[in-house]
Amino acid sequence: MAANDGLAPWPGSNGYGREEDGMCHDDVSTPVRANTVDELHSLQRKPVGAAAASRVDERHRQQLQSISASLASLTGGTGPKLVNGDPERKKEMVGKATTHHHQHLTVPTICVSDSDLKFTHVLYNLSPSELYEHAIKHEKGSFITSSGALATLSGAKTGRSPRDKRVVKDETTADELWWGRGSPNIEMDEHTFLINRERAVDYLISLDKVFVNDQFLNWDPENRIKVRIISARAYHSLFMHNMCIRPTHKELEGFGEPDFTIYNAGQFPCNRYTHYMTSSTSVDLNLKRKEMVILGTQYAGEMKKGLFSVMHYLMPQKQILSLHSGCNMGKDGDVALFFGLSGTGKTTLSTDRNRILIGDDEHCWSDNGISNIEGGCYAKCIDLSQEKEPDIWDAIKFGTVLENVVFDEHSREVDYTEKSVTENTRAAYPIEYIANAKIPCVGPHPKNVILLACDAFGVLPPVSKLSLPQTMYHFISGYTALVAGTEDGIKEPQATFSACFGAAFITLHPTRYAAMLADKMRKHGATGWLVNTGWIGGSYGVGERISLKYTRKIIDAIHSGELLNTTYKTTGVFGLEIPTEVEGVPSELLDPINTWEDRDSYKMTLLKLADLFKRNFRVFANYKIGGASDLADEIAAAGPNF
Ligand SMILES: Nc1ncnc2c1ncn2[C@@H]1O[C@H](COP(=O)(O)OP(=O)(O)OP(=O)(O)O)[C@@H](O)[C@H]1O
Ligand SMILES: O=C([O-])CC(=O)C(=O)O
Ligand SMILES: [Ca+2]
Ligand SMILES: [Mn+2]
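Remember, it's a predicted structure, so these values are computed and weren't measured experimentally.

> Residues and numbers for the overall build of the chain, please.
A tally of regular secondary structure across the chain gives 18 helices and 33 strands. A compact globule built from 642 residues would reach a C-alpha radius of gyration of about 26 Å, and the chain, at 28 Å, matches this within 12%. For the chain, the spread of C-alpha atoms along the three principal axes comes to 95 × 75 × 45 Å. Among the 642 residues that make up the chain, the fraction classed as buried is 53%. Relative to all contacts within the chain whose residues are 6 or more apart in sequence, the contacts with residues 24 or more apart total 72%. When the accessible area of the chain is evaluated, it comes to approximately 28900 Å², of which 52% is carbon and sulfur surface. Seen as two clouds, the 68 positive and the 80 negative side-chain charges of the chain have centres 4 Å apart.

Laid out in structure tokens, this is it:
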């Protein structure tokens, strides 16, 4: 066969491999320096030098010791035998000189049970690439989508389980925490906590391998905490890798002992014969032991929000306010907070092309300003579109965890409109995946405090300017209304009131947070706003959700200061100040009464909602907000009047 036979060279070949003699040679490059396939494979991974290796060995030994202590049985006293590294790579390593990847930790113990005899492999702070491989190899339902994200399933639970979340009531927490009606803190005793802890620990060390993440929370260096997450799934490890702050190599070397530890045994149920248990799920917080145990739910949001509860306890002790809010900053340094219950727009509206993102969900407000608690964002994906939410769309790439989405089996193209697994589809990505994120995620004191409500009754105005007492009233109320159920047919909106826009996560009485917010807003001259991202032109079923385009225009006008200097009128019942004009928004939309065809029905619905507000606020009416009783009276008077 001649070289100039007119045929194109084979793909990947330059044609030079073909020689005049008509013989076909594989190639002409130098052969690989390996005699066996195993040797060839070992060339792929960069070896650690001998000096570095002994340093690494020593560090690994210390880490294993610390992790073994974390996983210690409280009845047995000593921790499990641990090995660093992937159990599957152990075989490859045998016979190799560099065995430091498999540093052992043998706890000196007299073996009394079979579990004392075995080793558990520890996969410590793995990279996203490594976690992808573990997930794809070992976790059913893990796939790489066409944009590179890791699609995964969270199992039977696709949202949090607030009714199964318990907090240990002991000498300190009994007086300090908010207990009783309306409180998210369902009590359990220390003994029951320890039973569940033992169950989780026994489950985890019975496995061949566990994942351990050592990371930080809070970008304010003076007030950050060290967290350790021990879990059984690569999905959970990658989720927390994305959501917590990722330590640098140097920070990890000096990490030491964690301030708080999560034992996530989510695949394993709790024992329903255990006192207090009402289902097979239990999420247990022990503030004294600084530990959280998860049994019977694999929904990763439990870990993120569990740690948020911890911050809601720790930060107020230092006069720092913890907030369920998004936060962004303009080019001139003007900071805005976005409060709101789930699905009202914190993530969507804080992620803004024209502004710098500080964080989408959890923040601290200290005397130094604002700091994000997390290192990542957790965006809702239902009906996500590239056109409407380009920055979130672009963040869904390699490294991002995509929970419970549906995709094309072949192309792996995600269909974001699909709700067949759940409506609560989510993407968790590191905050750097948003192009204009502020790193470190801190900013000055806020200028605007935006309260978001998705009002499916359609009676709250798209935007109102609030007085300080009104801001406090609406902050304590924490209102939103969603539509229950996804079946066809008209459904009644369901009003939800959740104190501080996050009653599921606060640990102290709501008025404690409200008092701090009032102080800080007054001190720093922040303006409060109420923005309805829900229905206009009628309630759910008649009207429609206000377009994101208009909401963004409203938010732009708040940021720019345009809305501070415009004309206002006051609405009846709620007494809200509403602007008569906002650039880019049809003026008739600004007063809901204009958009309802049936005015009587509008008035009836308005009164119905006002009544729900009133009834919800009764519980708080007798509380003095931060000692300032004048403010307490003003706040109580800032609600609806009818
Ligand atoms: N006018 C609007 N304003 C804001 N969001 C809108 C609007 N219309 C539709 N949406 C949709 O509503 C959802 C808002 O969800 P988002 O993720 O921002 O909630 P969140 O407040 O961050 O909740 P969570 O605390 O659960 O994360 C998004 O899916 C967004 O596309
Ligand atoms: O915590 C979650 O699962 C999602 C979330 O952000 C919220 O509900 O506020
Ligand atoms: Ca969010
Ligand atoms: Mn949230």
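> With reference to specific residues and values, describe the coordination of the manganese ion (ligand 4).
Note on metal geometry: ideal angles are 109.5 degrees for four donors arranged tetrahedrally and 90 or 180 degrees for six donors arranged octahedrally. Within the first shell, the manganese ion (ligand 4) binds the protein through Lys305 (NZ), His324 (NE2) and Asp361 (OD), at distances of 2.3 to 2.5 Å. For the manganese ion (ligand 4), the donor residues sit on a single chain with the sequence spacing K-x18-H-x36-D. Taken as a pair, the manganese ion (ligand 4) and the calcium ion (ligand 3) lie 4.7 Å from each other. On the criterion of sequence distance, the pair formed by lysine 305 in helix H10 (residues 301-314) and aspartate 361 in the loop between strand E16 (356-359) and strand E17 (363-366) is long-range, its members being 56 residues apart.

> How would you explain the packing of aromatic side chains if you had to name every residue and give the values?
Enumeration according to the criterion identifies 20 aromatic pairs in this entry. With a centroid separation of 5.0 Å and 85° between ring planes, the pair formed by phenylalanine 497 and phenylalanine 613 is classed as edge-to-face. Of this pair, phenylalanine 497 sits in strand E28 (residues 493-497) while phenylalanine 613 sits in helix H17 (residues 599-621); the two residues are 116 residues apart in sequence, bridging distant segments of the chain. Through successive ring pairs, a cluster of aromatic residues spans Tyr473, Tyr479, Phe497, Phe574, Phe613, Phe617 and Phe620. Above the plane of the ring of tyrosine 378 lies arginine 426, whose end atom (NZ or CZ) is 4.8 Å from the centre. One cation-aromatic arrangement involves lysine 465 over tyrosine 568; the distance from NZ or CZ to the ring centre is 4.4 Å.

> Describe in detail the environment of leucine 204, supporting the description with residues and values.
Note on placement: leucine 204 falls in helix H7 (residues 190-206). Spatially, the C-alpha atom of leucine 204 lies 10.0 Å from that of glycine 266, the residues being 62 residues apart in sequence. Non-local contacts of leucine 204, meaning those with residues more than four positions away in its chain, are made with Leu71, Thr120, Val210, Ile230, Ser231, Ala232, Tyr263, Asn264 and Ala265.

> Can you explain the sheet that holds strand E20 (residues 401-403)? Please cite residues and give values.
Taken together, five strands build an open sheet; the order of strands is E4-E5-E20-E23-E19 and the sheet is mixed. Strand pairing shows two members of the sheet lacking a second neighbour, strand E4 (143-144) and strand E19 (376-380), which therefore form its edges. Two strands pair when backbone bridges link them, and strand E5 (residues 150-152) and E20 are joined in this way by three bridges, in the parallel orientation. The residue of E20 that forms the bridge with threonine 152 is glutamate 403. Those strands touched by helix H8 (residues 234-243) are E5, E19, E20 and strand E23 (426-430), and its axis lies near 120° from that of E20.

> So what's going on with the site of ligand 1? Residues and values would help.
By nearness alone, 21 residues border ligand 1, and Ser342, Lys346, Thr347, Glu389 and Arg426 come closest of all. Between threonine 551 and ligand 1, the recorded distance is 2.9 Å, taken from a side-chain N or O atom to a nitrogen atom. Contact with the protein chains removes 91% of the 650 Å² of surface that ligand 1 exposes when unbound. Looking at the shell around ligand 1, the elements that each hand over two or more residues are helix H11 (346-350), E19 and helix H15 (548-560).

> Which residues make up the pairing of strand E15 (residues 335-339), and what values do they have?
Counting buried positions over the five residues of E15 gives five, a clear majority of the element. Here E15 shows a buried face lined by Val335, Leu337 and Phe339 and a second buried face lined by Ala336 and Phe338. The hairpin turn running from strand E14 (residues 325-329) into E15, its antiparallel successor, is five residues long, and glycine 333 in that turn takes a positive phi close to 90°. In this structure, E15 lies alongside strand E25 (residues 446-453), joined through five bridges in parallel fashion. Paired with phenylalanine 338 across the strands is isoleucine 450, a residue of E25.

> Please give an account of the site of ligand 2 that cites residues and values.
Taken together, the residues surrounding ligand 2 are Arg160, Tyr299, Lys304, Lys305, His324, Ser342, Asp361, Tyr378, Arg426 and Phe505. Contact between ligand 2 and histidine 324: an oxygen atom at 3.2 Å from a side-chain N or O atom of the residue. Of the residues contributing to the shell around ligand 2, the split by class is three nonpolar, two polar and five charged.

> Give me the packing of helix H5 (residues 128-138) against H8: which residues, what numbers.
Running from N to C, H5 and H8 point in directions that differ by 155°, and their axes come no closer than 8 Å. Between H5 and H8, the angle falls in the class roughly antiparallel. For the crossing formed where H5 meets H8, the hand is left-handed. Of H8, the residues touching H5 (which contributes Pro128, Leu131, Tyr132, His134 and Ala135) are Ala234, Ser237, Leu238 and His241. Class assignment for the residues of the contact of H5 with H8 results in six nonpolar, three polar and no charged.

> Can you break down the sheet that holds strand E18 (residues 369-372) residue by residue, with the values?
The strand order across the open sheet built from four strands is E13-E17-E18-E24, with neighbouring strands paired in antiparallel fashion. Each edge of the open sheet carries a strand with a single partner, namely strand E13 (321-323) and strand E24 (442-443). The pairing of E13 with E17 spans three bridges and is classified as antiparallel. Following the sheet pairing, leucine 323 is matched in E17 by histidine 363.

> Quick rundown of H10? Include the residues and the values.
Between its first and last C-alpha atoms H10 spans 20 Å; for 14 residues at 1.5 Å apiece the expected length is 20 Å, and the two agree. Of all 14 residues in H10, 13 are buried, a share of seventy percent or more.

> Report on the packing of H8 against H10, specifying residues and quantitative values.
As a packed pair, H8 and H10 sit with axes 9 Å apart at the nearest point and diverge in direction by 45°. With respect to each other, H8 and H10 are oriented oblique. Crossing geometry of H8 relative to H10 is assigned as right-handed. In this structure, H8 uses His236, Phe239, Met240 and Met243 to contact H10, whose residues at the interface are Gly301, Met303, Lys304 and Leu307. Split by residue class, the contact of H8 with H10 holds five nonpolar, two polar and one charged.

> Describe in detail the environment of tyrosine 433, supporting the description with residues and values.
When you line up the elements, tyrosine 433 lands in the loop between E23 and E24. Remark: the alpha-carbon pair of tyrosine 433 and glycine 369, spanning 64 residues in sequence, is separated by 24 Å. Filtering out sequence-adjacent residues up to four positions away, tyrosine 433 remains in contact with Ala395, Lys397, Phe398, Gly399 and Thr400. Of note is the side chain of tyrosine 433, whose polar atom sits 2.7 Å from the backbone oxygen of phenylalanine 398.

> Go over the state of the cysteines with me, naming the residues and quoting the values.
Note: disulfide means a covalent bond formed between the sulfur atoms of two cysteine side chains. This structure, assessed with the given rule, holds zero disulfides. Free cysteine cysteine 441: the closest other cysteine sulfur is in cysteine 377, separated by 8.1 Å. What makes cysteine 441 buried here is its relative accessible area of 0%.

> So what's going on with the nonpolar core? Residues and values would help.
In this structure, Leu204, Ile262 and Leu402 are the most contacted members of the largest nonpolar core, which totals 150 residues. Ranked by the residues each element gives to this core, the list is headed by H17, at seven residues. Ala557, Leu563, Val582 and Leu590 belong to the second-largest nonpolar core, a separate cluster that totals 20 residues.

Here is what the cut-offs are and how they apply
Residues numbered from 1 in each chain as written. Chains lettered and ligands numbered in written order. Predicted model: local features only at pLDDT ≥ 70, side-chain atom pairs only at ≥ 80, totals over all residues. Heavy atoms only, no water. Helix = DSSP H or I, 4+ residues; strand = E, 2+ residues; numbered from the N terminus. Rg over C-alpha atoms; globule rule 2.2 N^0.38 Å. Buried < 20%, exposed > 50% of the residue type's maximum accessible area, 1.4 Å probe, protein only. Contact = heavy atoms within 4.5 Å. Areas by Shrake-Rupley, 256 points an atom, 1.4 Å probe, with all protein chains shown as cover. Lys, Arg positive; Asp, Glu negative; His and termini not counted. Charge placed at Lys NZ, Arg CZ, Asp CG, Glu CD. Donors = N, O, S within 2.8 Å, 3.2 Å for Na, K, Ca; no water. Phe/Tyr/Trp six-rings, centres within 6.5 Å; stacked < 30°, edge-to-face > 60°. Lys NZ or Arg CZ within 6 Å of the ring centre and 35° of its normal. Pairing = 2+ DSSP bridges. Axes fitted to C-alpha atoms, helices over the stretch in contact; angles between N-to-C directions. Near = heavy atom within 4 Å. Polar contact = N/O pair within 3.5 Å; in protein donor to acceptor, adjacent residues only side chain to side chain. Nonpolar A, V, L, I, M, F, W, Y, C, P; charged D, E, K, R; others polar. Parallel < 35°, antiparallel > 145°, perpendicular 65-115°, else oblique. Left-handed = near helix turned anticlockwise from the far one by under 90°. Expected span 1.5 Å × (residues − 1). Disulfide = S-S within 2.5 Å. Core = buried A, V, L, I, M, F, W, Y, C linked by side-chain atoms within 4.5 Å.

What is shown is where atoms sit, not what they do.
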